[in-house]
Each structure stands twice: as structure tokens, then as C-alpha cells.
Amino acid sequence: AGVQLDVFVGRKNIAFKSAHNKYLVAESNGNTDVNADRSAIGSWETFDLELLSSGDCAVNGSNVALNTQTGYYLRATNGGGLDSRASAIGSWEQFTLVNHSDGSGCLASGDSISLKSAHNKYVVAESNGDANANRSGIGSWERFTVQF
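This section reports on the structure supplied with the text. Since the structure is predicted, the reported quantities are computational estimates derived from the model, not experimental observations.

What counts as what
- Residues numbered from 1 in each chain as written.
- Predicted model: local features only at pLDDT ≥ 70, side-chain atom pairs only at ≥ 80, totals over all residues.
- Heavy atoms only, no water.
- Helix = DSSP H or I, 4+ residues; strand = E, 2+ residues; numbered from the N terminus.
- Core = buried A, V, L, I, M, F, W, Y, C linked by side-chain atoms within 4.5 Å.
- Buried < 20%, exposed > 50% of the residue type's maximum accessible area, 1.4 Å probe, protein only.
- Contact = heavy atoms within 4.5 Å.
- Polar contact = N/O pair within 3.5 Å; in protein donor to acceptor, adjacent residues only side chain to side chain.
- Disulfide = S-S within 2.5 Å.
- Salt bridge = Lys/Arg side-chain N within 4 Å of Asp/Glu carboxyl O.

### Some details on the environment of Gly71
- Relative to the assigned elements, Gly71 resides in the loop between β5 (63-67) and β6 (73-76).
- Counting along the chain gives 16 residues from Gly71 to Ser87, while the straight-line C-alpha distance between them is 6.7 Å.

Put into C-alpha cells, the structure is as follows:
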């Protein structure tokens, strides 16, 4: 029998602040809706960023997944929705990290990033606090400042 090693490559407890100065939140800490309407960071507003592509850290162009503190993954649906109902990583749970602050270095706290879904749409924080994954391009609402 092989030995199972618990190896985590990525960044734990990361928060995503929108252009509206609100944080991304997985309601009830997962298995439901994702919004972008929180004024402060708590456990529901922090995620683990898992690096799915090779390398020692998440860089511009990395393939990543985001999970809640209870093990649910953020998922971009084919209709442009964003939720945290996935318990495993499939194609809808994978995002391409776009780092606007640093084109080659490791993701750092304070970097401005965007997340592109498997459907080639970007995650957006709407002005009404909703979060979706339905934008074709990157404007200010599709950029998040990471904090960890």
C-alpha cells in the first residue's frame, strides 16, 4: 500500500475584494450561492486557492481551484452563474488566474487578479452584490484584490 501524503500547493485563507469594496462570499460556507456583498472578512469570505498546474506557486496563467473552509469548490456554470455547490474538481471548478499586478511572479497579497472560467467567461462582482461568471472581457468589476 502506498503512503498518502497531505500535500497542499497553493494559498490558504485568501479573500477577494471587489471594485465595490466588498468581499466574495460562499454563503453558509459552501454548498450554495456565491455573492460579492460582504464588508468584512470572516470564514465564509476566505478560500483556499489550489494550484492545479505545475509550479511552486500560483502565477499569471495558472490553472487554479477555489474551495471553501468546508471543502466545497467554486463552480462557474455554463449559464454564467457562480456557486459553491461542487464537492470535487471538474472542468467547471477550474479557473485560469490572470494576475494584473505581476506577470511572472508568485501571487502576492494586494495583487489585482481576474478569474477566467472553463467557459471562457470572467468572474464578476455586480454592483448589487451578486457574483457571476458571465463576462467576456475584463473591466473593473472583473478585477479582485487578493488579501492573505
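### Some details on the nonpolar core
- Phe16, Leu24, Val64, Phe95, Leu107, Ile113 and Leu115 are the most contacted members of the largest nonpolar core, which totals 26 residues.
- The biggest single contributor to this core is strand β4 (residues 47-51), with three residues.
- Leaving out residues up to four positions away in the same chain, Phe95 has contacts with Ser62, Asn63, Val64, Leu74, Arg75, Ala76, Leu82, Leu115, Lys116, Ser117 and Val123.

### Some thoughts on the side chain of Ser114
- Note that Ser114 resides in strand β9 (residues 112-117).
- We classify Ser114 as buried; its relative accessible area is 0%.
- Reaching out from Ser114, the side chain makes a polar contact with the backbone oxygen of Glu142 at a distance of 2.7 Å.

### Some points on the state of the cysteines
- Within this structure, the stated rule accounts for one disulfide.
- With its sulfur 1.9 Å from that of its partner, Cys57 forms a disulfide with Cys106. Its S-S torsion of about -75° marks the bond between Cys57 and Cys106 as left-handed, since a negative value means left-handed. Of this pair, Cys57 sits in the loop between β4 and β5 while Cys106 sits in the loop between β8 (95-99) and β9, placing them 49 residues apart in sequence.

### Concerning the pattern of salt bridges
- Going through the model one piece at a time under the given rule, you end up with nine salt bridges.
- Put simply, Asp33 and Arg85 hold a salt bridge, and the shortest N to O gap is 3.2 Å. Of the two residues, Asp33 is situated in the loop between β2 (23-26) and β3 (34-38) and Arg85 in strand β7 (residues 82-86); the sequence distance between them amounts to 52 residues.
- What makes Asp33 partly exposed here is its relative accessible area of 39%.

### Observations regarding unusual backbone geometry
- Although it is not a glycine, Asn13 sits at a positive phi angle of roughly 55°.
- Note on Asn13: relative accessible area 42%, which makes it partly exposed.
- Phi is positive for Asn31, which is not a glycine, with a value near 70°.
- Structurally, Asn31 is set in the loop between β2 and β3.

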